[in-house]
Amino acid sequence: MYIKPLLKKLLLTHVFVCCSILTILAQTILKGHVSSEKGEAIPGALVKIKESAGGTITDGSGNFSISYTKPGTLTVNALGYKTVEVPISSQTTIDIKLSENVTLLSDVVVTAIGVKREKRMLTYSTQEIKSEELSRAKEPNLINAMDGKLSGVQITSSSGTAGASTRIVVRGAVSVNGNNEALFVVDGVPIDNTETGNIGGGAAGAGSSRIVDIDPNNIESINVLKGAAATALYGSRGASGAVLITTKSGALNKKAAITFTSDYSFEKGLFPEKQNIYGQGTGGIFYNGETQKTSASWGPKMDTLKINGVKAPTYDPFSFFRTGHTTTNTLSIGGGNDNSTYFISYSYLNQQGISPNNDFKRHSFFTKYTTNIAKNFSTSFQLGYSNSAQERLPEGASNGPLFVVLVQPISWNPYPVLNPDGSQRLYRFSRNAPLWTLDNISNTATVNRFLPVTTFNYNATKWLTITERLGADIYTEQDKYTENPSAAIGLKGQIKDQVVNYRQFNHDLIANASQKVGKFDLNLLLGNNYNSIYSQSTNLTGTGLAVQDFYNVSAGSTLTGSEGHSSQRKIGFYSQANIEYDKFLILSLTGRYDGSSVLYQKKQFYPYGSVAGGFIFTHFLPEQVTQVLNFGKVRLSYATVGNDAVGPYALNTPYVLAGRNTNAGYFPFPFQSQPGFLQSSTLGNPYLQNEKLKEFETGLELKFLNNRISFEGSYFNRKSLNGIIPGIQISNATGYGGTTVNSASIRNKGFELLLNASPVQSKDFSWDVTLNFTRIRNKVLAINDEKKITQLGRIIVGQPYNIFYGTRYKRNASGQMLIDDTGLPVVDSEQGVVGDANPDWTGGISNSFRYKQFSLSFFFDVKMHGDVQNDVESVAFFYGTAKVTENREPFVVSGVNATTGAPNTVKVKAQTYYQSRQYESSIQDGTYIKLRNVSFAYQLSPSVIQKTPFKNASLTVTGRNLWIYSPHFTGADPEVSSYGSANGVQGIYAFSTPTARSFNLSLKLGF
């Protein structure tokens, strides 16, 4: 009785199996690639056959494989893109392009303390730069890669030296003496960006900004927080703005994706203008540089000059420079399973500068691993390590080669370098021969740096997350400067060894609660921060070298040493409340209570905060309007921020080693190198309090035509109070020369505009354009009213921050120059303001075109005005190598006679005029327009590389600094600050390595 049911079941099973086999045999394997309209691969897209269960997702390169029974319909769905349905019948390969669904896109950006928020709900100004833009720039230093792309941000390179520092200031300087550069934060942990690499008394010129240790290839995005309301949670260190760096990560459920990138570039120097007509000498008389020496080129014309009856040859001083070469090779692997992700990267940069004996090498290793330890508990660990080494020669008006090279006579043959007796062969006095310095001066800096970060996330409930983040920034720098004895300039030679140890530890504990109540979205963040910084510097100097070519500090006949170390701690408690009503009204409140160990004990803790609001007015507009104006928001904010802006131990009057500096070195006092200590001549101020910054900001954000056009504009007005001023003079009767006080005030106000547009978007062709504009005005309101101090160097009350002040010419009420009876300008007996380093406005425009697998982008940026102190031109006036000195006929200087007031008619000799030029003559208008970057790329289509081991491949050609228009500046590039990134040296061009034009070829392969 059981046989029939059993046979029936067996028969049905047999039929089912046979049908399944037939179905499988009828299936076709489809392999495909999913990318955006711009040609970028889309990982994580869901691919399935319509009306069937299951499916697959694309890997990191946008590839997928799926089986189907023909005919069928393939559906592809990816976050932020429109879903597509494609009929399929018998094909085995397919290439799918997805277009952005702008109505569903909600940009998420990283804000203070590493919290991610929707950009549409922010109440302050931020600007993001994606990794593609950074990699497109092909800059070893990521600050340079951002140059010109950010509204409200001014970036200044110090020189063309490989590894040289770069300054970044957001919305203008706010502190007279403190650090005005933006804070850098990597994955929520502040890091150091000090300019290092200089030894006191060693190689002059710019050092390296320590952000150069960060490999741009490991960065996913950069978000710049500009105003006080945006950075209030970062405490005093965020008073000057913050640059938030988010590093790359792996992805869940992603097979291992290997990427290899190789870059090669060559650089050609951009040199200042110079005359190439007249040779060495004075008054038209030739000096041969051998028996008659002079630094001047006021000699005869080279085309008429004969030596021993033979036409004199001409030499190019700029042949001293070389073609620079840079290679970068990067290998990375990333992926993950359903529980963990990983990303590992290694890169090697080798940059050989255009100046001999200048190179910068960097090994970078980075790894990040995240995992879910339990259902509600996850952790992330990452480690960045870099080893960098820089070699460079002294720059500026120093013993280095550039002071001579840039003004060297064209009649001088620099070979041979040495005289028969082994001494330097020189055409002038008091300076080393440039080629001699290559073998006799050395300056190196080696840095090993570690950046570990560990993060724990615990989702206590659906609405509460607890985050603990521990991070560190640890590096050791070894600097060595050697200088052989030089009889030519009276130096006995020296060796300097310096070791710098830096350790910064940072800890954050954050509770983040979010809850929806009716139409209200509520978010509350509470946190505690602890930050400690320790630094130590040990310096040993040997002067008067006794053993040739033995570069050990013990070879010095006189040895001196010094040690400095400091420790400072900060603790902060912060909170932020965000209240959103019905997605159109936003209120954001922040508060922080900071304590700093460097301030007055009773005032070490200081509170500050912000209040900000946003109103999305398009929420109330009719549909026919919002179809054109998709999004509109106005925002207002007011914030106060504290800033300690002073180094450790300013409260105390420490003891210092007694001694004096001489040309032969530093000699301790009292006698026979026996060390003695005296109290510092600067009196400590135990009552120092924090600086304060108050800022009002308002902004407007608009998006049109399905987000094809977006606009963001901001106006800000910020004022700093209680500015910390060092070196304020006090009565010598106290036994001290000066002290530090709270008394300065600076105001900055300005506009920031940002426009993005996509004029053309189609399957095969697209065009994107971005434009930014910044106009900032700053003014020093006070320095010290109590003692009626109105000037500290380049900082003068009533003037912009960092003006140029010095010897000037006398003028009448109409501004006409007064001329004396000899035909020369009258020098004013009183010094005055002769220039302003601050630009009137800056801007940039970027265009990106894509046609199928081809893409082209180019970027212009503009600086309008902003003066530069051109020391090269000033010296070239005197020496007769400036381009303008080619005209050597007597001429009449434009102006009026100082006695009669009549127009000047007295001619003056060219040499007399140019050798009497004063400081004012060195100030030039730094206006420029730069074609900063052009990039052309080809992305190989999947069909081309289908039978290769590669999943994707691209080839890119990039040019940098291809064209510079600077009509009023006689150097090649007015965007320089030869002595580094410090406050008081900005806008000075003084015999630094010229910047370069470069061409880069890049190959990128994905496996």
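Cut-off values and rules
- Residues numbered from 1 in each chain as written.
- Predicted model: local features only at pLDDT ≥ 70, side-chain atom pairs only at ≥ 80, totals over all residues.
- Heavy atoms only, no water.
- Helix = DSSP H or I, 4+ residues; strand = E, 2+ residues; numbered from the N terminus.
- Rg over C-alpha atoms; globule rule 2.2 N^0.38 Å.
- Buried < 20%, exposed > 50% of the residue type's maximum accessible area, 1.4 Å probe, protein only.
- Contact = heavy atoms within 4.5 Å.
- Areas by Shrake-Rupley, 256 points an atom, 1.4 Å probe, with all protein chains shown as cover.
- Pairing = 2+ DSSP bridges.
- Core = buried A, V, L, I, M, F, W, Y, C linked by side-chain atoms within 4.5 Å.
- pLDDT = per-residue confidence, 0-100.
- Phe/Tyr/Trp six-rings, centres within 6.5 Å; stacked < 30°, edge-to-face > 60°.
- Lys NZ or Arg CZ within 6 Å of the ring centre and 35° of its normal.
- Salt bridge = Lys/Arg side-chain N within 4 Å of Asp/Glu carboxyl O.

### As for the overall build of the protein chain
Per the secondary structure count, the protein chain includes 9 helices and 60 strands. On C-alpha atoms alone, the protein chain measures out to a radius of gyration of 33 Å, which is about the 30 Å that the 2.2 N^0.38 rule sets for 1007 residues. Burial statistics for the protein chain: of 1007 residues in total, 52% are counted as buried. Taking all contacts inside the protein chain whose residues are at least 6 apart in sequence as the whole, residues at least 24 apart take part in 68%. Per element, the accessible surface of the protein chain, about 44600 Å² overall, is 58% carbon and sulfur.

### Concerning unusual backbone geometry
Looking along the chain, the bond that leaves Tyr 415 and enters Pro 416 is cis, with omega of 0 degrees. Residue position: Pro 416 is located in the loop between helix H5 (402-405) and helix H6 (434-440). Even without a glycine there, the phi angle at Asn 722 is positive, about 55 degrees. As for its placement among the helices and strands, Asn 722 is situated in strand E42 (residues 709-729). The class for Asn 722 is partly exposed, based on a relative accessible area of 29%.

### Concerning the environment of Ala 257
Note that Ala 257 resides in strand E19 (residues 254-269). In this structure, the C-alpha to C-alpha distance between Ala 257 and Ser 1002, residues 745 residues apart in sequence, is 19 Å. Dropping the residues within four chain positions of it, Ala 257 is found in contact with Ser 332, Ile 333, Gly 334 and Phe 1007.

### Things to note about the pairing of strand E5 (residues 72-77)
In the sheet, strand E2 (residues 46-49) pairs with E5 via 4 bridges, with the strands oriented antiparallel. Paired with Val 47 across the bridge in E5 is Val 76. In the sheet, E5 pairs with strand E6 (residues 84-88) via 5 bridges, with the strands oriented antiparallel. Residue pairing for E6: Thr 75 is matched across the bridge by Glu 85.

### Topic: the nonpolar core
Phe 320, Phe 321, Leu 406 and Phe 991 are the most contacted members of the largest nonpolar core, which totals 39 residues. Breaking this core down by element, the ones donating at least two residues are H5, H6, helix H8 (871-879) and helix H9 (910-914). With 5 residues, H8 is the single largest residue contributor to this core. Grouped together as the second largest cluster of nonpolar side chains are 35 residues, Val 109, Ala 112, Ala 229 and Tyr 606 included.

### Topic: the confidence of the model for the protein chain
For the protein chain, per-residue confidence averages 89 on the pLDDT scale, and 95% of positions sit at 70 or higher. Confidence drops under a pLDDT of 50 for residues 1-25, and excluding neighbours within four residues, the segment shows 1 contact in the predicted structure.

### Points about the packing of aromatic side chains
Any two aromatic rings considered together are summarised by their centre-to-centre distance and by the angle between their planes. Under the criterion given, the structure shown has 38 aromatic pairs. Seen from their ring centres, Trp 412 and Tyr 427 are 5.7 Å apart, and the 50 degrees between their planes marks the pair as tilted. Taken together, the positions of Trp 412 in the loop between H5 and H6 and Tyr 427 in the loop between H5 and H6 put the pair 15 residues apart, joining distant regions of the chain. The exposure class of Trp 412 is buried, given its relative accessible area of 4%. What makes Tyr 427 buried here is its relative accessible area of 4%. With a centroid separation of 6.1 Å and an interplanar angle of 25 degrees, the aromatic rings of Phe 854 and Phe 936 are classed as stacked. Of this pair, Phe 854 sits in strand E51 (residues 854-864) while Phe 936 sits in strand E57 (residues 928-939), and the two are 82 residues apart along the sequence. You can call Phe 936 partly exposed: its relative accessible area is 40%. An aromatic cluster of at least three residues, connected via ring pairs, comprises Phe 765, Trp 767, Phe 849, Phe 858, Phe 860, Trp 963 and Tyr 965. If you follow Arg 431 out to its NZ or CZ, it ends over the ring of Phe 403, 3.9 Å from the centre. Of note, Arg 888 hangs over the ring of Tyr 278, and the distance from its end group to the ring centre comes to 3.9 Å.

### Some thoughts on the pairing of E42
When strand E41 (residues 691-704) meets E42, the two strands line up antiparallel, connected through 13 bridges. Opposite Leu 702, over in E42, you have Phe 711 as the bridge partner. Where E41 folds back on E42, the antiparallel hairpin that results is connected by 4 residues, among which Leu 705 adopts a positive phi of roughly 50 degrees.

### Observations concerning the pattern of salt bridges
Here the structure, examined in full by the defined rule, presents 37 salt bridges. Among the ionic pairs, Lys 226 bridges to Glu 752, the shortest N-O distance being 4.0 Å. Residue Lys 226 is found in the loop between strand E17 (219-225) and helix H4 (228-231), and its partner Glu 752 is found in strand E43 (residues 738-761); the two are separated by 526 residues along the sequence. Accessibility classification places Lys 226 together with Glu 752 in one group, the buried group. By sharing partners, the salt bridges in this structure join Lys 119, Arg 171, Lys 226, Lys 633, Arg 635, Glu 695, Glu 697, Glu 701, Glu 712, Arg 718 and Glu 752 into a single network.

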